[in-house]
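# Observations on chain architecture
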Amino acid sequence: MRISVSSDMDEPVARLLLGELRARGHDVAPHGALSPGADPRWAACSEAAAREVADGTADQAVVCCWTGTGASIAANKVPGVRAALCTDAYTADGARRWNDANVLALSLRLTSGPLLKEILDAWFAADAPQDAEDRENVARVARLDEARR
Ligand SMILES: O=C(CO)[C@H](O)[C@H](O)COP(=O)(O)O
């Protein structure tokens, strides 16, 4: 899978994220503080990663900032993006299974190395929504995007 990754800070957990994704066989495109010369501001680098998902350049993205909040807000402003701020594996599983999230937002402050691996395990193991009600909710969110375009 091609995965865009952004972070506004060059923190050890962001580097660990790049390595984890590559070790899992993903093609990783770094943005922000993880890419020399790129704009490291959270609003800018989260948008850049999210736009790659929206335009199909990337399958998914992982966006990071200190709290994860700004990164998730910026990513969610890009039509077609469903970003979920996940601080644990259960939330990551639900974000994929129920919300069809296509962008994972992480807090650099809260996410330890072991927790990062748990979150990624859950994120990649879960299927997109199978249940009709979940699909209808996701379709309804897509209609919100259409209304904003
Ligand atoms: O968590 C964040 C945004 O939600 C940022 O990482 C935090 O605000 C720090 O940014 P800066 O170094 O530009 O002050």
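Rules used in this analysis
- Residues numbered from 1 in each chain as written.
- Predicted model: local features only at pLDDT ≥ 70, side-chain atom pairs only at ≥ 80, totals over all residues.
- Heavy atoms only, no water.
- Helix = DSSP H or I, 4+ residues; strand = E, 2+ residues; numbered from the N terminus.
- Rg over C-alpha atoms; globule rule 2.2 N^0.38 Å.
- Buried < 20%, exposed > 50% of the residue type's maximum accessible area, 1.4 Å probe, protein only.
- Contact = heavy atoms within 4.5 Å.
- Areas by Shrake-Rupley, 256 points an atom, 1.4 Å probe, with all protein chains shown as cover.
- Lys, Arg positive; Asp, Glu negative; His and termini not counted.
- Charge placed at Lys NZ, Arg CZ, Asp CG, Glu CD.

Here the focus is the overall build of the chain. In terms of helices and strands, the chain carries six helices and five strands. Taken over the C-alpha trace, the chain has a radius of gyration of 14 Å; the compact-globule value for 149 residues is 15 Å, and the two agree within 12%. With the principal axes as the frame, the chain shows a C-alpha extent of 40 × 30 × 25 Å. Here the chain, with 149 residues, has 46% of them falling under the buried criterion. Restricting to contacts in the chain with at least 6 residues of sequence separation, those with at least 24 account for 66%. Accessible area for the chain stands at about 7,300 Å²; split by element, carbon and sulfur atoms hold 52% of it. Averaging the coordinates of the 17 positive side-chain charges in the chain and doing the same for the 22 negative ones gives two points 3 Å apart.

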